[in-house]
Amino acid sequence: MDLTTRRHRELDLRLLTLVAALVVLASAVATIAAISTSRNPPDSARDVSTIAALILMIASGAVVRARLRIRSTTFSFAWVETAIVLGLALAPQPWVILSTGVGIACASILTRLSVIKTAFGIAKHTLVAGGTTLIVVLLGERWPPDGLWGLFLLLGAVYLTAAVLDDLLAIPVIALASGTRIFRQFRNHFDLRLAGFAVRFVVAAFTLLILREDPRLLLAVPPLVLSLHLAYSARIRGRTEQQAWQRLARTTDALNVVDLDDVLTTAVTQAAELFSADEVEIELRDGGRTVRGGTGGITFDGPTGTSTDVDGTIVPTPLEGHDRSVDIGILRLRFRGAVQLSEREQYTLRTFASALCTAVRNAQAYAELARVADEHAYAATHDALTDLANRRHLLDQGTEQLSARHADGVTALVLIDLNHFKEVNDTLGHAAGDQVLVQVADRLRHAAQSSDLVARLGGDEFAVLLRGLPAPAVAAHRAETLLAALHEPFELDGMRISVEASGGISVAPASGGMAELLRRADVAMYQAKRAGQRISTYARTRDTADLGRLTLGGDLPRAVADHEFIVNFQPIVDLGTGEVTSAEALARWHHPTHGLIDPLRFLEAVERSGMLPAFAEAILDQALIAAVNWREAGFDVPVAVNVSPRSLLDARFPGSVLARLRAHDLPPDRLVLELTETLTLSQLDVVDRVLSRLRDEGVRLALDDFGTGYSSLSLLSRIPVHELKIDRSFVTTMGSSAEAAAVIRSTLDLGRSLNLTVVAEGVESEPQRRALWELGCVAGQGHLFARPMPAGTLLAALQRGSGGQPGTLAPPLHDTAAVIRLSQTRRQAGRSRTDRLPHLPA
């Protein structure tokens, strides 16, 4: 059973309950009247004729009425209350009450009303007769009164009681049967009801005056009543037609919308009200769609052929234009009872159907225009071959994203170019090349996340806009996933074709917008191609378009000669004990004009200028001197020095490093060389020989910024490092980014598996320190412990110690001799660490 059927059954039940209550009350009133009549029964022919006249008058008042149809129910405005008031002047009150019930019953039989309508009519008018009788009894006056003013006043009170009772009893039933609100039903035709009340009051008063003067003049009353009745009925019909045309005009205006669903919803709800239908159905031939509903809204919207629960009269009308040349469907009005539309209603229905036909055709035409416009807009922003976003759409979306990036995480761009794709076109033809491009697009689309935008910029160049990243370093991992999706060969007409790709990553710049982001990704991609890497992250130091950096290149010879390059040191601390385990040397350029310059701005210029060996030797000398001074002061702290990849391609580099160690009389294991992940597999043959010699001599090796480059695992399989350093971006966001936390855990697990020390960079809070320690991380560096400082300042800090403990920069996480329950991860980390850490002074 659907919702509409249940709703109608609930209304029927409430209607029956209300009518039953009225019948019970009327039965009580009739019983009282019958008891009173039994005490003073009619005992003459005159009394019998009086009762017969009462019954005839009341029946006539019920039959002669103005009718108004609401849905399948026809409601009437009758003269019964006038007959009741006049009856009180002709016979005892109990006789009037009983005659009213009998008269209404006779009229109902003559007009063939249904049982429920007959019961309601008898009960209502019996209660009206009882109410007016009660008023007469309470007033205690002779009825009809003798004086003229007394007549009008008492008649007004009695008639007002009859009219008010009639409305109070009838309107709730009508509202319930028609599904409208009681207050709204009360307002409907209020002026006509008021006018009818006044007319019937005048007729009643006039009739009573005639009875007082000369009963023979009553012969003039029927023509007067008939004339007034016809005028009143005509007024009701005119008002009804006027309101119907007004509603039709409002309805046709409401149909002037461009959305087809809105047109159908408006048509169904408005037609149900306009024609007082229980259900309205619109069947469209185009698409086989049917919509049903009523004044409450749509109850069904689906394929044609589905049955409805509304049984009764069906009034169908074709949906066709005025010239009947276009027929788009059919409109059906459904009524639960027998209904015959008037000629005016039939014309209104045809007019409404024509307007609905026009509105549906307009909405369909607009929908087609909108579809074509959407297709053109989509084609303007998407690549026709791959269905990916095109360059224009990428720039638009990127610009919009950059304008809100502060509230939506980090934005990055990955630019991907297929290597040697021209060979595919030249060998297999452009059709085969197009198939490969489509497969590449599909793989990138599936490898990207839902928040990413994948685009084809043209030819064999693709781009992926990464939005809402928790940290810049996450972009490298996303890029690895995208490029890994292209690793497997492509199936092409039974052949397996391998396509290599290079990628460039750029993070949203502070200025320059989307155009600058795309340029930087392009720079990074070509850096990857030149270096033989699969992927490269944009670094300003390697951007030859930076004119400011080029001006620094001319100052390098002087800077080396005048010892303008200085070294600061940032300690690396045992996360558990707070002891300093080593210190990283960080180069700075103390420029006489520009002040202190960060290495990111000058290292690329140093590598291109040919000054790299001299620069590296100057930095290494300062680092080794600091380590010797600390050692002599009783703090055997190893020093870590960053190494340029180009230095590792120089076969003379190991000899230079070992010579400097001997010159400063420092054991080789006190030096840690930090390598970056920019090394490529094609360079590893040369690098292997350089690093193997250094490692064999005892120099320790560390892989810096681990996890931010594509070749991390490949490098670990070739380079015999001792340490891994987790990039600071992962540590900073480990509490809020699941990806960053996963990278840290994976790196620590990898370090334990390979027996490597793992150092976390960027530790800036105690919660980070404790979380890393509990995960099994050995050591960390960051502002929590100390900022980069000169060698002498660090020595003073070591001597001062933390809490009076020399050699420490932070209190231990746990007191000495405290019993600590270690997880399996911590126990494994602890066993691994004791084998790897250099000995510290007692």
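Residues numbered from 1 in each chain as written. Predicted model: local features only at pLDDT ≥ 70, side-chain atom pairs only at ≥ 80, totals over all residues. Heavy atoms only, no water.

1. A word on the overall build of the protein chain
Along the backbone of the protein chain there are 29 helices and 23 strands. Taken over 842 residues, the protein chain has a buried fraction of 49%. Across the protein chain, every contact between residues at least 6 apart in sequence was considered, and the portion connecting residues at least 24 apart equals 69%. Split by element, the accessible area of the protein chain, about 40100 Å² in all, is 57% carbon and sulfur. (Helix = DSSP H or I, 4+ residues; strand = E, 2+ residues; numbered from the N terminus. Buried < 20%, exposed > 50% of the residue type's maximum accessible area, 1.4 Å probe, protein only. Contact = heavy atoms within 4.5 Å. Areas by Shrake-Rupley, 256 points an atom, 1.4 Å probe, with all protein chains shown as cover.)

2. Topic: the pattern of salt bridges
Opposite charge on two side chains permits pairing when their charged atoms draw close. Overall, the coordinates contain 27 salt bridges when judged by the stated rule. The shortest N-O distance in the salt bridge between R652 and D650 comes to 3.2 Å. Taken together, the shared-partner salt bridges in this structure form one network comprising E279, E281, E283, R292, R332 and R334. (Salt bridge = Lys/Arg side-chain N within 4 Å of Asp/Glu carboxyl O.)

3. Looking at the pairing of strand β7 (residues 327-335)
With eight of nine residues buried, β7 is to be regarded as a mostly interior element. Where strand β3 (residues 279-284) lies against β7, six bridges are found, and the strand directions are antiparallel. Looking at β7, one finds that E283 is bridged to I330. Two strands pair when backbone bridges link them, and strand β6 (residues 313-320) and β7 are joined in this way by eight bridges, in the antiparallel orientation. Paired with P318 across the two strands is I330, which belongs to β7. (Pairing = 2+ DSSP bridges.)

4. Looking at the nonpolar core
F569 and L671 are the most contacted members of the largest nonpolar core, which has 80 residues in total. Of all the elements, helix α20 (residues 612-632) adds the most residues to this core, at ten residues. Filtering out sequence-adjacent residues up to four positions away, L671 remains in contact with L620, L624, V639, V641, V657, L661, V699 and R700. (Core = buried A, V, L, I, M, F, W, Y, C linked by side-chain atoms within 4.5 Å.)

5. A few points about the sheet that holds strand β5 (residues 297-303)
If you trace the five strands from one edge of the open sheet to the other, you get β5-β4-β3-β7-β6, paired in antiparallel fashion. Strand pairing shows two members of the sheet lacking a second neighbour, β5 and β6, which therefore form its edges. The mean angle between the axes of side-by-side strands here comes to 15 degrees, regardless of whether they run parallel or antiparallel. This element, helix α10 (residues 260-274), spans β3, β4 (289-294) and β5 of the sheet and lies at about 40 degrees to β4. (Axes fitted to C-alpha atoms, helices over the stretch in contact; angles between N-to-C directions.)

6. Structural notes on the packing of aromatic side chains
Tallying each qualifying case throughout the model produces three aromatic pairs. A centroid spacing of 5.1 Å and a plane angle of 40 degrees characterise the contact between F565 and W589, whose relative ring orientation is tilted. Of this pair, F565 sits in strand β15 (residues 565-574) while W589 sits in strand β16 (residues 580-591), and the two are 24 residues apart along the sequence. Taking relative accessible area as the criterion, F565 reaches 4% and is therefore assigned buried. On the basis of an interplanar angle of 80 degrees and a centroid distance of 4.9 Å, the ring pair of F565 and F615 is categorised as edge-to-face. Here the residue F565 occupies a position in strand β15, and F615 occupies one in helix α20, the gap between them amounting to 50 residues. (Phe/Tyr/Trp six-rings, centres within 6.5 Å; stacked < 30°, edge-to-face > 60°.)

7. Digging into the sheet that holds strand β10 (residues 461-469)
Strands sit in the order β9-β10-β8-β13-β14 across an open sheet of five strands; the sheet is mixed. Among the strands making up the open sheet, the edge pair consists of β9 (453-458) and β14 (535-537). Geometrically, the sheet is characterised by an average inter-axis angle of 20 degrees between neighbouring strands, direction not taken into account. Here strand β8 (residues 410-419) runs beside β10; their pairing, made up of seven bridges, is antiparallel. Paired with I416 across the strands is F462, a residue of β10. Of the strands in this sheet, β8, β9 and β10 are in contact with helix α12 (residues 391-403), which crosses β10 at around 20 degrees. With respect to the sheet, helix α14 (residues 430-447) is in contact with β8, β9 and β10, its orientation differing from that of β10 by roughly 10 degrees.

8. Structural notes on a nonpolar patch on the surface
On the surface, L160, V164 and L168 cluster together into a nonpolar patch covering about 270 Å² of accessible area. Taking the relative accessible area as the measure of exposure, V164 reaches 38% and is therefore partly exposed. (Patch = residues over 30% accessible without salt bridge, like charges linked within 9 Å, V, L, I, M, F, W, Y side chains within 5 Å.)

9. Concerning the confidence of the model for the protein chain
A residue-level look at the protein chain finds 77% of positions with pLDDT of 70 or above and a mean pLDDT of 79. Ignoring residues within four places in sequence, the model shows residues 68-75, a span with pLDDT below 50, making 40 contacts including any to other chains. Per-residue pLDDT stays below 50 along residues 827-842; that stretch engages in 29 contacts with residues further than four places along the chain or on separate chains. (pLDDT = per-residue confidence, 0-100.)

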